[in-house]
Amino acid sequence: MAAQQNDVDMLRHLYNMALTRGKAYSWLDHLSNQIGGRLSGSVQAEQAIAYTQKELEALGLDRVWLQPVMVPKWVRGAAEFAYIESAPGNTTNVPICALGGSVPTPAGGIKAPVIEVQGLEELQALGREAVEGKIVFFNRPMDPTQINTFRAYAGCVDQRASGAAEAGMLGAVGVIVRSMNLRLDDYPHTGSLRYGDTPEAMRIPAAAISTNGAELLSTTLKLNPDIQFYFRQSCRQYDDVPSYNVIGEIRGSTYPEEILLVGGHLDSWDLGDGSHDDGAGCVQSMEVLRLFMETGYRPRRTLRVVLFMNEENGLRGGRGYAEAAAQKGEKHLFALESDSGGFTPRGFSFDCTDEAFAQIAAWKPLFEPYLIHQFDRGGSGADIGPLKPQGPILAGLRPDTQRYFDYHHAETDTFSAINRRELELGAATMAALVYLVDRYGDALAVSTGGQ
Ligand SMILES: [Zn+2]
């Protein structure tokens, strides 16, 4: 579909409004500084639900509601503590944090010899004899030569996700994982682990260590492989608790049954305040609807914002949403998630048919004035992933990724790490794409099979 002058004007208008009268930044200020980290099942998560519901209601949308989901409740407990003991009585403290979902250590902590590995394969190759009774230290760093830092993350996150399950089966007593962070600093980065089918008795505690701590532990081990490592954590898994996805929509004027979704996840980890992950994606998604309300542009299709609960340690919100949509026979034409940080937007990645992608890629010139150039095929977002069998075009906002892992899941993920213009440009970029999908959705509906 060739770009028309009114599309050029509409995009300019959306960007102008986001940059001069945007609300995303002040919403995020409240979420981050008045509420804080929003781990599933926490009081802060409940406060964030109430706050965003109230703010969406104030926009005058056609409908705002809460969708119930049950979520896991894991709490960190008292601050974790760890040290390297290079000789009896000779200790150096190192920063650690429990991985989400981990079991605690015994109340007095665990002290054991350490074996360093570069990943799961090396662990398996070493086998039970080398591992039994020890703390396994996974130290494969993120690959700095990857320009897309998410690839570097994908290249080592298996250590965090599955390290405890695999080491526990081999008789290890604990796991320490190098933080998923490209720079050297003193902040441990949490994130979820999975025990899977591991029998309860073999579930061992796991923690992330800061990158500086990992370097120190590794060099100390090279000097003396017989050192001991001590750590203590008192995290705990409770029974599931009720929570909610927060949803609002503007009903379509012509095709109200066709849904265009924008969203992010409202829960976050507990160490920082979750400004980048994923407060940014939530307020950008809310801003998309606000921009449409403010321009007076009435979408032809139903435009829905979904703030998903529990992306970080369960994905219950995303799964519950997709299940409910299937049950109600809802028809999602398009879903766009922002969950890669609130940095300068570069473009989008699309999970869709060749035909739909070719059509969307033809809109690239409209985005050039805003330095948006990346239109790739690939993943979209974790929360909208469960909608895939229902056939919508799935998309993810792709911001610059160079700094994301300085903050991701760490205490550094705070509002002070957010740049107002970058956040607003992301919201405007999302609104621009949603506008074009709404306007040219007839052809897109045909190319996705018109389901
Ligand atoms: Zn996230």
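A few points on the structure. Within any chain, residue numbers begin from 1 and follow the written order of that chain's sequence. Totals for whole chains, interfaces and linings use every residue, but because this is a predicted model, local features are given only for residues with pLDDT of at least 70 and side-chain atom pairs only at 80 or more, for both listing and counting. Computation of side-chain values: all heavy atoms of the structure, hydrogens and water removed.

Here the rule is simple: two strands pair whenever DSSP picks up at least two bridges between them. To qualify as a helix, a DSSP run of H or I must reach at least 4 residues; to qualify as a strand, a run of E must reach at least 2; elements of each kind are numbered from the N terminus. One open sheet accounts for 8 strands, arranged 3-2-9-5-6-7-8-4; its pairing is mixed. Because the sheet does not close on itself, it has two edges, and the strands there are strand 3 (90-93) and strand 4 (96-98). The average angle at which neighbouring strand axes cross in this sheet is 30°, direction not considered. The contact rule is simple, with two residues in contact once any of their heavy atoms fall within 4.5 Å. For helices, the fitted line uses only the C-alpha atoms of the stretch in contact; every axis is such a line through C-alpha atoms, and the angle between N-to-C directions lies from 0 to 180 degrees. Set on the sheet, helix 4 (residues 120-131) makes contact with strand 5 (110-117) and strand 6 (135-138); between it and strand 5 the angle comes to about 135°.

Attention now goes to helix 10 (residues 354-361). Buried residues of helix 10: Ala356, Phe357, Gln359 and Ile360, and no others. Here the buried residues of helix 10 occupy an arc of 165° about the axis, which is enough to place them on one side. Per-residue accessibility, obtained with a 1.4 Å probe over protein chains only, is compared with the maximum for each type, and a residue is labelled buried under 20%, exposed over 50%, and partly exposed between these values. Picture the helix axis, draw a direction to every C-beta atom, and the arc is the one those directions span.

What follows deals with the layout of surface pockets. Any space left empty among the atoms is revealed by the rolling of a water-sized probe across them. Both cavities and pockets are sets of points on a 1 Å grid over the protein atoms alone; in a cavity a 1.4 Å probe fits but cannot get out, in a pocket the set is open with protein on both sides within 12 Å along at least five of seven lines, and lining residues sit with an atom within 4 Å of a point. Grid points are joined across faces, edges and corners, and a volume is the space filled by probe spheres set on the points. The volume enclosed by the largest pocket comes to roughly 1,300 Å³. Taken together, 49 residues line the largest pocket, and the ones lying closest to its centre are Tyr153, Arg160, Glu311, Asp339 and Ala382. Among the elements of the structure, strand 1 (63-75), helix 5 (149-154), helix 6 (157-169), helix 9 (316-328), strand 15 (374-377) and helix 12 (404-407) are those that each provide at least two residues to the lining of the largest pocket. Ranked by residue count, the leading element in the lining of the largest pocket is helix 5, at 4 residues. Only Asp, Glu, Lys and Arg are considered charged, only Ala, Val, Leu, Ile, Met, Phe, Trp, Tyr, Cys and Pro nonpolar, and every remaining residue, Gly among them, polar. Considering only residue class, the lining of the largest pocket consists of 14 nonpolar, 21 polar and 14 charged.

What follows concerns the packing of helix 2 (residues 24-35) against helix 13 (residues 420-439). Two elements in contact, helix 2 and helix 13, have axes whose closest approach is 9 Å; the angle formed by their N-to-C orientations is 115°. By the criterion of interaxial angle, the relationship of helix 2 to helix 13 is roughly perpendicular. For the pair helix 2 and helix 13, the contacting residues are Ala24, Tyr25 and Leu28 in the first and Arg420, Leu423 and Glu424 in the second. Residue composition of the contact of helix 2 with helix 13, by class: 4 nonpolar, no polar and 2 charged. By the definition adopted for this analysis, an angle is roughly parallel if under 35 degrees, roughly antiparallel if over 145, roughly perpendicular if from 65 to 115, and oblique otherwise.

This brings us to the coordination of the zinc ion. Water is not among the atoms examined, so metal sites may look incomplete; donors are the N, O and S atoms within 2.8 Å of the metal, or within 3.2 Å for Na, K and Ca. With distances of 1.9 to 2.7 Å, the protein atoms coordinating the zinc ion are His265 (NE2), Asp277 (OD), Asp339 (OD) and Asp339 (OD). In this structure, the zinc ion is surrounded by 4 donor atoms whose angles at the metal cover 51 to 148°, and the resulting shape is irregular. For the zinc ion, the single-chain donor residues occur in sequence as H-x11-D-x61-D. Pair noted here: His265 is in strand 11 (residues 255-265) and Asp339 is in the loop between strand 13 (331-337) and strand 14 (345-351), with a separation of 74 residues, a long-range link. The class for His265 is buried, based on a relative accessible area of 0%. Square planar and octahedral sites, with four and six donors, are those where opposite donors lie more than 155 degrees apart and all other angles lie between 65 and 115, tetrahedral sites have four donors with every angle between 85 and 135 degrees, and the rest are irregular.

On to the sheet that holds strand 15. The strands that make up a sheet are held in pairs by hydrogen bonds between backbone atoms, and each pair lies either parallel or antiparallel. Pairing in this open sheet of 8 strands is mixed, and the strands run 1-10-12-11-13-16-14-15 from one edge to the other. Strand pairing shows two members of the sheet lacking a second neighbour, strand 1 and strand 15, which therefore form its edges. For this sheet the average axis-to-axis angle between neighbouring strands, irrespective of direction, equals 20°. With 4 bridges connecting them, strand 13 and strand 16 (residues 393-399) associate as parallel partners. Counterpart to Glu337 in the pairing with strand 16 is Gly396. Taken strand by strand, helix 3 (residues 43-58) contacts strand 1, strand 10 (236-250) and strand 12 (301-308), and its axis lies near 5° from that of strand 10.

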